[in-house]
Amino acid sequence: MSHGRSPDSMGLSWRTAGESHGPALVALLEGLPAGLLVDLAAVQHGMGRRWKAYGRGPRAKIEQDRVECLSGLKRGVTLGSPLALLVHNSDTRVDQLPNLAAPRPGHADLAGVLRNRCRDVRAVLERASARETAARVALGEVVRQLLALFEIEAFGYVTALGGIAAAAAPEDRAALRAQRDRSVFFGFDTACDAAWRACIEAAAEAGDSVGGVVEVQVWGCPPGLGGTAQHSDRLDARLMAGLASLPAIKGVEIGLGFRAAELPGSAVHDEIVPAQGGWAGLGRSSNRIGGVEGGYSNGQVIRLRAAMKPIPTMRRGAASVDLEAMQPARATYERSDVCAVPAASVAAEAVVLLELASALRARLGGVSVEEMVQRWRRLGREERPADWPEDVAGLGGHAS
Ligand code: EPS
């Protein structure tokens, strides 16, 4: 999301560029501290997760998603300067590929054509394509390594596909991780896998497409990331906007989400209790609100969900209009995926990682990783809230 100039949101900033069938995608990340050892092989591994996800179309056989670092590192260590990553495309036919005669409902095609007042649908779809998420996954994998130093982790998985929902995610993190990493759908409920596979295969057979729901949990987030000084500081808004910015996402929830609107307050808010090992010795008896209160992380697990619509490109087509003849026609079909929900769970993880890393940078400041770590230690997990220290008054603070 676009950040205002409030100090609480001056963490990281990132941008991407590149067309789906252009020479490459480019990702630029500013605000990384100096001194972070970046494991590019781990970045590459994350890229592979996005690609090997079940449900992708023939393009997945073409692309390697090889990442190259152009700037920001010396011998693998961040310099504190902008990091520029290049993700090579193998299918680079942007100048040769034909136009689409009839725009596809659900894609950016028609809205973009009307915006440009030009019937070159390809000029619109090349950037609107979900290929762009490869660049964000590359950046997400870099900041994952920064967050790991503070034991903060985002973990994404699929909870529903084609209307078939998995059981509740296991509480045990090791089990959740092991199950997700075994599943080609990045789910955790093996009982679903056969039904999901059948659903995608049936859709492929029928020339149709399938949507679903992804969930991201954030573990280890300290209280107080985000802010309330400006609308753009609020952590929940930033996380949800990040998810909503992924192609085909049509709904985002945090914690109970829409369900919270139906329940009384007593069934929604998480009661505060003394808790050994909790931040400042405090904890909650439940986690229904999803780890963010009033725009700040509250030290609980953050839990986000995003609903992905089915891919708009369908072999069976859909009613549309040929833009040259201005006559009814079936929407043009071109090579596409049948289901990108597992891949979207990887992209969802990446955008959450980026927003969290940005909020952590803003919270801790520091020019180097070392300074961040020192400031992190001073956050004092054990420390109880107290009055402002006496000497603050002497420094011009309050004197009551
Ligand atoms: C996409 C269509 C397909 C997907 C693409 C997104 O590409 P193509 O038209 O080249 O076959 O494979 O996704 C990616 C390339 C990717 O990296 O995720 C679309 O229309 O959005």
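Note: the structure precedes this text.
Residues numbered from 1 in each chain as written. Predicted model: local features only at pLDDT ≥ 70, side-chain atom pairs only at ≥ 80, totals over all residues. Heavy atoms only, no water.

A short note on the overall build of the chain
When helices and strands are counted, the chain shows 11 helices and 17 strands. In terms of overall dimensions, the chain has a C-alpha envelope of 80 × 50 × 40 Å along the principal axes. Across the chain, every contact between residues at least 6 apart in sequence was considered, and the portion connecting residues at least 24 apart equals 72%. If the 46 positive side-chain charges of the chain are averaged to one point and the 45 negative ones to another, these points end up 3 Å apart. (Helix = DSSP H or I, 4+ residues; strand = E, 2+ residues; numbered from the N terminus. Contact = heavy atoms within 4.5 Å. Lys, Arg positive; Asp, Glu negative; His and termini not counted. Charge placed at Lys NZ, Arg CZ, Asp CG, Glu CD.)

Describing the sheet that holds strand β3 (residues 67–71)
An order of β1-β2-β6-β3 is seen for the 4 strands of this open sheet, with the pairing classed as antiparallel. Every other strand in the sheet has two partners, leaving β1 (13–17) and β3 as the edge strands with one partner each. In this sheet, neighbouring strand axes are inclined to one another by 20° on average, regardless of whether the strands run parallel or antiparallel. Looking at chain direction, strand β2 (residues 24–30) and strand β6 (residues 83–88) are connected through 6 bridges and run antiparallel. Bridged to Leu25 within β6 is Val87. (Pairing = 2+ DSSP bridges. Axes fitted to C-alpha atoms, helices over the stretch in contact; angles between N-to-C directions.)

Overview of the layout of surface pockets
If you add up the space inside the largest pocket, you get close to 800 Å³. For the lining of the largest pocket, the elements supplying multiple residues, two or more each, are α1 (40–52), α4 (121–128) and α9 (341–364). When its residues are assigned to classes, the lining of the largest pocket shows 17 nonpolar, 10 polar and 11 charged. Its boundaries defined by the atoms lining it, the second largest pocket holds a volume of some 690 Å³. Along the walls of the second largest pocket sit 23 residues, with Pro223, Trp279, Ala280, Glu383 and Pro385 positioned nearest its centre. Looking at which element gives the most residues to the lining of the second largest pocket, the answer is strand β12 (residues 282–284), with 3 residues. Broken down by class, the residue content of the lining of the second largest pocket amounts to 10 nonpolar, 7 polar and 6 charged. (1 Å grid on protein atoms, 1.4 Å probe; cavity = no way out; pocket = protein on both sides within 12 Å on 5 of 7 lines; lining within 4 Å. Points joined across faces, edges and corners; volume = space filled by probe spheres on them. Nonpolar A, V, L, I, M, F, W, Y, C, P; charged D, E, K, R; others polar.)

Topic: the site of the ligand
As a structural note, the neighbourhood of the ligand is formed by His21, Arg50, Trp51, Arg56, Arg59, His107, Ser129, Ala130, Arg131, Arg335 and Asp337. A distance of 2.7 Å separates an oxygen atom of the ligand from a polar side-chain atom of Arg131. When the free accessible area of the ligand is taken as 470 Å², the share hidden by the protein chains comes to 93%. Judged by the fraction of its atoms near the pocket grid, the ligand is located in the largest pocket. Of the residues that constitute the shell around the ligand, the class distribution is 2 nonpolar, 3 polar and 6 charged. (Near = heavy atom within 4 Å. Polar contact = N/O pair within 3.5 Å; in protein donor to acceptor, adjacent residues only side chain to side chain. Areas by Shrake-Rupley, 256 points an atom, 1.4 Å probe, with all protein chains shown as cover. Sits in = over half its atoms within 2 Å of the grid points.)

Details of the environment of Thr92
Within the fold, Thr92 resides in the loop between β6 and α3 (109–116). Beyond its immediate chain neighbours, meaning those up to four positions away, Thr92 contacts His21, Gly22 and Pro23.

Some points on the sheet that holds strand β10 (residues 249–254)
Spatially, 5 strands are ordered β8-β7-β9-β15-β10 in an open sheet, and the strand pairing comes out antiparallel. On the outer flanks of this sheet lie β8 (164–165) and β10, each paired with one strand and no other. Bridge analysis of strand β7 (residues 153–161) against β8 gives 2 bridges, and the strand direction is antiparallel. Bridge pairing in β8 places Leu161 opposite Ile164.

With respect to the pattern of salt bridges
Scanning the model with the defined rule gives 25 salt bridges in all. Salt-bridge contacts for Arg93 lead to Asp91; the nearest nitrogen and oxygen are separated by 2.7 Å. Classification of Arg93 by relative accessible area gives partly exposed; the value is 36%. What makes Asp91 buried here is its relative accessible area of 5%. For the salt bridge of Arg316 with Asp208, the shortest nitrogen-to-oxygen distance reads 3.8 Å. A residue pair is termed long-range when its members are at least 10 positions apart, and Arg316 in the loop between β15 (302–308) and β16 (319–322) and Asp208 in the loop between α7 (190–205) and β9 (212–219) qualify at 108 residues. Residue class for Arg316 comes out partly exposed when judged on its relative accessible area of 48%. The network of salt bridges with shared partners includes Arg49, Glu141, Arg144, Arg180, Asp181 and Glu349. (Salt bridge = Lys/Arg side-chain N within 4 Å of Asp/Glu carboxyl O. Buried < 20%, exposed > 50% of the residue type's maximum accessible area, 1.4 Å probe, protein only.)

Structural notes on empty space enclosed by the protein
Going through the model one piece at a time under the given rule, you end up with 1 cavity of 30 Å³ or more. In this model, the largest cavity occupies a volume close to 30 Å³. Taken together, Arg104, Pro105, Pro312, Thr313, Met314, Gly317, Ala318, Ala331, Thr332 and Tyr333 form the lining of the largest cavity. Its residues assigned to classes, the lining of the largest cavity comprises 6 nonpolar, 3 polar and 1 charged.

Digging into the side chain of Arg122
Relative to the helices and strands, Arg122 resides in helix α4. Overall, the relative accessible area of 4% leaves Arg122 in the buried class. Once you skip the residues sitting within four places of it in the chain, Arg122 turns out to touch His21, Val94, Leu97, Pro98, Asn99, Leu100 and Glu334.

Focus: the state of the cysteines
The full count for this structure, using the stated rule, is 0 disulfides. The thiol of Cys339 is unpaired, and the distance to the nearest cysteine sulfur, on Cys199, comes to 7.5 Å. (Disulfide = S-S within 2.5 Å.)

All we've got here are geometric facts, nothing functional implied.
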